[in-house]
Every structure is written in C-alpha cells, then in structure tokens.
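Read off the chains here:
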Amino acid sequence: MSITVRKIVRHREETVREMGQDLTSTHVVAWVAAVIENPYPEGYVQDLVTTADEIGQEIGALLGPSVVELLGEPVEAFGKAALVGLDGEVEHGSALIHNLRFGNEFRDAAGGTELLPAAEKVGATGSAIDVPIKHKLDAKTRSHHQTITIVIPDAPRPREIVVACVASNAGRPLARLATFGAEVAEVSA
C-alpha cells in the first residue's frame with residue numbers, strides 16, 4: 001500500500017520582535033503538511049495498525065526531513081498532528097501519527113529523543129488544528145512548550161487526512177519561565 005497525496009503545504013515564519021522587544025535571535029517555526037487520501041475504507045475498521053504500519057514510514061519520510069530542511073536551523077522543539085476529514089474518525093489520524101515508523105523518521109531527522117507531542121481531531125474543510133510542540137531532548141523544558149496553529153483552507157476534504165510535522169529553532173520568544181531542571185534545583189536548595 002502507498003499513500004495518495006493531493007498536496008504538500010510548507011509554511012515558515014520568522015519572528016524578530018515580540019511585545020515591543022527585539023529578540024536576541026530570530027525565532028523560526030516551520031511546518032510541512034501532506035493532504036492525503038484517507039487510507040481507511042468508509043465505515044468502522046477494526047484493524048487500523050496494519051495499514052498504519054504499511055504507510056507510516058512513507059509519511060514520516062515525506063514530512064520529517066522536509067520540515068527540518070524548511071526550518072533551515074537546528075531543531076529544538078517539535079510536534080505532529082493529524083486532521084481527519086468528516087467521513088473519517090479521529091482513530092484514523094491517531095493510527096498514522098502514533099506509529100513508530102512515522103515518528104522515528106521525524107525524530108531521526110530532527111535529532112530528537114523525546115516522544116513527539118501530538119494533536120488529532122476530525123474537522124470540516126478549512127478547520128484549524130493547534131499542534132503542541134516541546135523540546136526534542138527534554139519534554140520538561142518549559143520554555144519550549146508552545147502551540148502552533150495550522151490551517152489549510154481547502155483541506156481536509158471529507159475523505160482526506162492532513163498529516164503535519166512542526167519544528168522550531170528555539171523556545172517561545174521572550175520565554176521567562178524556569179526550565180524543569182532549574183525548578184528542581186531551587187526546590188532542593
């Protein structure tokens with residue numbers, strides 16, 4: 001089995017100023033999404049894993065290295081999402097993105113070791129999905145907890161799934177909250 005892609009959408013944004021403050025370095029966020037035909041037949045499907053195993057690596061290889069390349073800088077934070085069209089169910093998207101064959105492609109490309117935070121839901125064409133991202137090596141690093149909103153105006157159509165990978169070169173612009181390690185040190189002192 002192979003995926004059927006209708007379109008690939010790439011988005012990159014650079015923030016240089018936040019809350020009236022110049023940033024010491026440009027904050028970059030990138031995402032790449034594939035709008036694919038829902039690989040599951042209409043109606044209830046008991047075995048979602050077999051199909052996800054068959055195509056997970058293909059989707060991960062399509063998106064993971066591409067978002068790292070688009071970011072153009074070392075990845076510090078990452079996340080993933082699946083937005084399922086109205087003729088599918090949230091389990092269809094979950095099966096695709098909560099699959100090690102998919103996740104390992106992205107993790108390896110980004111140089112990460114942590115689990116990829118995720119969002120998945122069913123939505124109408126043009127729906128937004130908020131994708132959580134966290135530090136690629138230590139998910140407890142609070143400065144890197146962010147949410148990135150993805151919208152593709154003509155997707156997903158009812159029998160489609162939008163699968164996306166998100167990457168950032170840093171924590172939040174102007175992050176001032178302590179990291180987990182610093183909090184532990186303060187409590188221990």
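Below is a short write-up of the structure. (Residues numbered from 1 in each chain as written. Predicted model: local features only at pLDDT ≥ 70, side-chain atom pairs only at ≥ 80, totals over all residues. Heavy atoms only, no water.)

Quick notes on the packing of aromatic side chains
By convention here, two paired aromatic rings are described through the distance between centres and the angle between planes. The cut-off we apply is this: Aromatic rings from Phe, Tyr and Trp, taking only the six-membered ring of Trp, are treated as a pair when their centres fall within 6.5 Å; an angle between ring planes under 30 degrees marks them as stacked, one over 60 as edge-to-face, and anything in between as tilted. For the purposes of this entry, the term helix denotes a DSSP run of H or I that reaches at least four residues, the term strand denotes a run of E that reaches at least two, and both are numbered from the N terminus. Throughout, exposure labels follow a simple rule: accessible area from a 1.4 Å probe, protein chains only, divided by the maximum for the residue type, with under 20% read as buried, over 50% as exposed, and the rest as partly exposed.
A full pass over the atoms with the stated rule returns one aromatic pair. For the ring pair Phe-78 and Phe-106, a centre distance of 5.5 Å and an interplane angle of 50° mean the geometry is tilted. In this pair, Phe-78 is assigned in strand E3 (residues 77–84) and Phe-106 in helix H3 (residues 100–110), connecting sequence segments 28 residues apart. Comparing Phe-78 with Phe-106, the two get one shared label, buried.

Some thoughts on H3
Convention followed: By arc we mean the arc of the directions from the helix axis to the C-beta atoms, nothing more. Throughout, a residue-residue contact means that at least one pair of heavy atoms, one from each residue, lies within 4.5 Å. Between N or O atoms, a polar contact is any pair within 3.5 Å; within protein, one atom must be a potential hydrogen donor and the other a potential acceptor, and residues adjacent in sequence are included only when both atoms are from side chains.
Residues of H3 that are buried include every one of Phe-102, Gly-103, Phe-106, Arg-107 and Ala-110, and no others. Looking straight down H3, one finds its buried side chains confined to an arc of 120°; they lie on one side. Residues of H3 that are exposed and point more than 90 degrees away from the buried face comprise Leu-100 and Asp-108. The secondary structure elements touched by the buried residues of H3 are helix H1 (49–71), E3, helix H2 (90–97) and strand E7 (160–168). The N-cap of H3, judged by a side-chain oxygen 2.8 Å from the amide nitrogen of Arg-101 a few residues on, is Asn-99. The first or second residue beyond H3 is Gly-111, which carries a positive phi of 75°.

Thoughts on the pattern of salt bridges
Put simply, the rule is: The working definition used for a salt bridge is a side-chain nitrogen of Lys or Arg within 4 Å of a carboxyl oxygen of Asp or Glu.
One pass over the structure, following the stated rule, counts seven salt bridges. In this structure, Asp-138 and Lys-140 form a salt bridge, with 3.5 Å as the shortest nitrogen-oxygen distance. The salt bridge partner of Asp-154 is Arg-157, with a shortest N-O separation of 3.9 Å. A single network of salt bridges, built from pairs that share partners, joins Arg-6, Lys-7, Asp-154, Arg-157 and Glu-160.

Describing H2
Of all eight residues in H2, six are buried; the element is thus mostly enclosed. What H2 keeps buried is the set His-92, Gly-93, Ser-94, Ala-95, Leu-96 and Ile-97.

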